[in-house]
Structures are given as C-alpha cells and as structure tokens.
Amino acid sequence: MPEIKKRIERYRRQALADGIPAAVIQIPDNRGYLSGFEGSAGTVLITQEDAFLLVDFRYVEQAREQAPALEVIQHHPEITITLKKLLKELRISCLGWEKSFVTLEQEDKWRSSLDGVTLVPMPDLVAELRMVKDDREIDCIRKAAAIADQAFEQIRPMIRAGQKEKDAAIEMEYLMRRLGADGVSFETIIASGPRSAMPHARASDREMENGDLVIIDFGAVYQKYCSDCTRTLAIGVMDSKQKEIYQIVQEAQEESMKAIQPGVRASLVDEVARSIITKRGYGQYFGHSLGHGVGRSIHEEPTLSLRDETLLEPGMVVTVEPGIYIPNWGGVRLEELVLVTGSGGEVLTRSSRFF
Ligand SMILES: [Mn+2]
C-alpha cells in the first residue's frame with residue numbers, strides 16, 4: 001500500500017512537527033485512512049520512526065491483512081496496559097490524541113493509567129490530509145456516484161401520485177445495494193409536497209400527490225467512499241411559482257459551480273449562490289451552507305460556507321447544493337458532487353433532472 005506510507009509520512013510532517021513525538025488516531029475514518037484497516041475498533045500510534053496498529057483479539061487477523069504498512073499489535077483487553085509498556089520501550093513520554101473524539105471517560109481512564117505520559121489534545125489534522133483525494137479515492141467516489149445515478153434512473157417510475165415516500169426510499173436503497181454499493185451514505189431522503197420544505201426530512205408514510213415537489217437526496221458507498229446527490233422532481237406539471245423557485249435554485253447552482261477553481265476560497269463559492277438567491281428575494285429560505293466535502297465521511301472538510309476560508313485545491317470533492325425551503329409550501333434543492341480539477345470543477349453526478 002504505497003499510498004498508506006505516503007499518508008503516514010504526510011501526517012508525521014504535519015502533526016508531529018511541534019515537539020509532539022507521537023500521537024494516537026482513533027476516529028474511525030482517520031484510522032482507516034492512515035492504516036487501511038477497516039474494523040470497528042483499533043488505535044493507530046504514529047511516531048517519528050514507527051507506525052503501529054493496536055487492536056483487540058477479534059481484529060488481529062483482519063488488521064494484518066488490511067494494514068501491512070503498520071506493525072500490528074494485539075493489545076491487552078485494557079489497551080492502556082499495552083500502550084504504557086510500548087511507550088516506555090519507545091521512550092516516549094508525550095502523546096497527542098484527538099480532542100474531538102476522546103470522551104471524558106477515556107480521558108479519566110488514560111490519565112490515571114498512563115502515569116508519566118503527558119497527553120496533549122490535538123485538532124483533527126487527518127481531516128486536513130483527507131481533503132485532497134488521491135486517484136484511488138477519486139475512482140471510488142466516481143463509482144459510488146455512478147451506482148447512485150443508475151439506481152435513480154430505475155427508481156423514477158416510483159416517484160408518482162399514490163406512492164408512499166418510504167416505499168420509494170426503501171426501493172432506492174435496495175437498488176443501490178443491488179447495483180454494487182457496499183451501503184448507503186445516509187438514509188435516503190424522499191420529502192414530498194409541504195414536507196419538501198424540511199431540508200433533512202426523513203421519508204414518511206405520506207403518499208405523493210399530483211402537484212407535489214419531491215426532494216430526493218441519496219448517496220451510495222463504494223469501498224468506504226460516499227457519493228451525494230439531490231434531485232427535485234414535480235409530480236405532474238410545475239405551476240409558475242414552482243418553476244420560478246426551481247429556476248432560481250438552478251441558476252444559483254450553475255453559477256456557483258462555475259466559480260469552482262483551484263485557489264478560490266470555499267466561502268466565495270457559497271457567496272455566489274447565496275447572492276443570487278438573496279437578490280431574487282429568497283435569501284431567508286436558504287438557511288444552510290452551499291456544500292460540504294465528501295469522502296470516507298458524507299460530511300467532511302472543506303465546507304462551502306461563508307465561514308470556511310480554505311482555498312480549493314485539485315483533488316477536493318465537494319457538493320454544491322443550494323435550496324429554497326418555504327414553510328407550508330415546499331422546497332427545491334439540487335445537489336451535484338464536484339471534483340476540483342486543475343482548471344475548474346468536474347461534475348461527478350449524472351442523475352437526470354426530469355421525467
Ligand atoms: Mn449533501
């Protein structure tokens with residue numbers, strides 16, 4: 001796994017630079033990213049010279065198979081016993097750990113068991129590394145998006161009057177799995193009629209009706225990597241207000257996608273979409289950020305929001321998903337998954353927009 005070695009090297013340069021000789025990584029997606037090990041429990045320990053993966057009895061064999069770049073150690077049921085011994089052997093007395101992950105319970109336990117070791121809370125530096133995807137990661141995201149697109153084409157006949165949201169959502173998830181997905185990125189959202197005014201509605205028992213707008217938000221997982229896509233369909237013919245709102249969202253999406261370039265600030269892309277929607281009088285109905293990074297996690301960095309100052313780089317994958325949600329009326333959201341390339345943005349999602 002040459003990419004794993006590269007990731008560990010980058011982590012060392014970035015995280016172990018400020019006098020911290022070693023750090024543990026336990027956030028599951030970070031652990032998988034730095035090791036290749038995809039089990040549900042384990043601790044990666046990275047020092048300037050070495051990289052270890054500590055797992056319990058259940059995962060020893062899987063860890064050796066999936067993480068050949070790391071030295072796999074089966075830890076004592078109480079991990080701090082093994083860790084204490086190991087740190088002593090390595091002459092390490094200062095250990096970084098992920099402050100967004102460690103619970104108060106773990107902190108209590110580790111502080112009392114690892115006496116003589118200074119524990120240093122660290123920001124999530126792996127999240128920064130994960131922003132820029134390598135070719136293999138991009139291939140997986142592409143494949144996840146293609147599976148979801150294919151499932152969407154097959155589900156479209158179920159988006160009709162008399163059909164329950166929930167039944168269509170279940171079918172959509174089944175289709176993605178049948179078409180090769182390892183799972184779904186999140187519970188499929190199908191929100192019809194007035195329910196489409198809720199940006200993150202769950203599919204309900206409501207039967208879709210003629211005249212509804214229906215928001216369908218879905219994603220597949222392929223080899224740990226997620227896709228994300230949203231379409232808004234009308235049942236029957238759109239009335240003039242539905243058309244107006246749809247066109248504003250579409251314009252906001254097209255213009256903001258054009259703004260995606262390497263070197264552009266993430267916040268600027270949000271600003272482009274937001275100013276279009278605001279100028280047309282619907283700013284108050286677009287209350288979420290324009291988009292988010294997608295990779296191993298469905299929501300990761302960078303965020304296309306007014307608060308994110310990250311400069312876009314080739315290899316980043318972000319969603320562009322403006323929406324307008326009007327209470328008691330309904331909503332429209334359109335979402336594409338976009339790969340930042342050397343010269344702009346490449347749209348990875350291809351689901352069709354109309355019947
Ligand atoms: Mn999304």
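Here's a quick rundown of the structure.

What counts, and where the lines are drawn
Residues numbered from 1 in each chain as written. Predicted model: local features only at pLDDT ≥ 70, side-chain atom pairs only at ≥ 80, totals over all residues. Heavy atoms only, no water. Donors = N, O, S within 2.8 Å, 3.2 Å for Na, K, Ca; no water. Helix = DSSP H or I, 4+ residues; strand = E, 2+ residues; numbered from the N terminus. Buried < 20%, exposed > 50% of the residue type's maximum accessible area, 1.4 Å probe, protein only. Core = buried A, V, L, I, M, F, W, Y, C linked by side-chain atoms within 4.5 Å. Contact = heavy atoms within 4.5 Å. Pairing = 2+ DSSP bridges. Axes fitted to C-alpha atoms, helices over the stretch in contact; angles between N-to-C directions.

**A short note on the coordination of the manganese ion**
Four donors placed tetrahedrally around a metal ideally meet at 109.5 degrees, and six donors placed octahedrally ideally meet at 90 or 180 degrees.
Then comes step 1: Protein-derived ligands of the manganese ion are Asp-228 (OD), His-292 (NE2), Glu-321 (OE) and Glu-335 (OE), with the metal-ligand distances lying across 2.1 to 2.4 Å.
Then comes step 2: Positions of the donor residues of the manganese ion along the chain correspond to the pattern D-x63-H-x28-E-x13-E. Highlighted residues: His-292 in strand 13 (residues 291-293) and Glu-335 in the loop between strand 17 (330-333) and strand 18 (336-340), separated in sequence by 43 residues. For the pair shown, His-292 and Glu-335 are each scored as buried.

**Observations regarding the nonpolar core**
Then comes step 1: Among the nonpolar cores identified, the biggest contains 39 residues, and Tyr-11, Ile-46, Leu-53, Val-55 and Leu-70 are the most heavily contacted of them.
Then comes step 2: Considering every element that reaches this core, the biggest residue donor is helix 1 (residues 2-15), with four residues.
Then comes step 3: In this view, Leu-70 contacts Ile-4, Ile-8, Leu-34, Ser-35, Val-44, Ala-51, Phe-52 and Leu-53; residues no more than four positions away in its chain are not counted.
Then comes step 4: Counting residues in each nonpolar core, the second largest holds 31 residues, with Met-257, Phe-286, Ile-324 and Leu-334 among its members.

**Section: the sheet that holds strand 8 (residues 189-192)**
Then comes step 1: As summarised here, the arrangement of the three strands in space is 8-9-12, forming an open sheet in which the pairing is antiparallel. Edge positions in the sheet fall to strand 8 and strand 12 (229-234), since each of these pairs with one other strand and no more. Strand after strand, the sheet turns through a mean of 15° between neighbouring axes, direction not considered.
Then comes step 2: Taken together, the six bridges between strand 9 (residues 213-218) and strand 12 define a ladder with antiparallel strand orientation. What sits directly across from Phe-218, in strand 12, is Cys-229.

**Structural notes on the pairing of strand 1 (residues 22-25)**
Then comes step 1: Burial along strand 1 is two-sided: Ala-22 and Val-24 facing one way and Ala-23 and Ile-25 facing the other are all buried.
Then comes step 2: Bridge count between strand 1 and strand 5 (residues 94-98): two bridges; the pairing is parallel. Opposite Ala-22, over in strand 5, you have Leu-95 as the bridge partner.
Then comes step 3: When strand 1 meets strand 2 (residues 43-47), the two strands line up antiparallel, connected through four bridges. Considered in strand 2, the bridge of Ile-25 is made with Val-44.

**Some remarks on the sheet that holds strand 5**
Then comes step 1: Judged by pairing direction, the sheet is mixed, and its six strands sit side by side in the order 4-3-2-1-5-6 without closing on themselves. The open sheet terminates on both sides in strands that have one partner only, identified here as strand 4 (71-74) and strand 6 (118-122). Sheet twist, expressed as the average angle between the axes of neighbouring strands with direction ignored, equals 25°.
Then comes step 2: The sheet contacts of helix 1 involve strand 1, strand 2, strand 3 (51-55) and strand 6, and relative to strand 2 the element is tilted by about 65°.

So, to be careful, I would describe these as geometric facts and stop short of saying anything about function.
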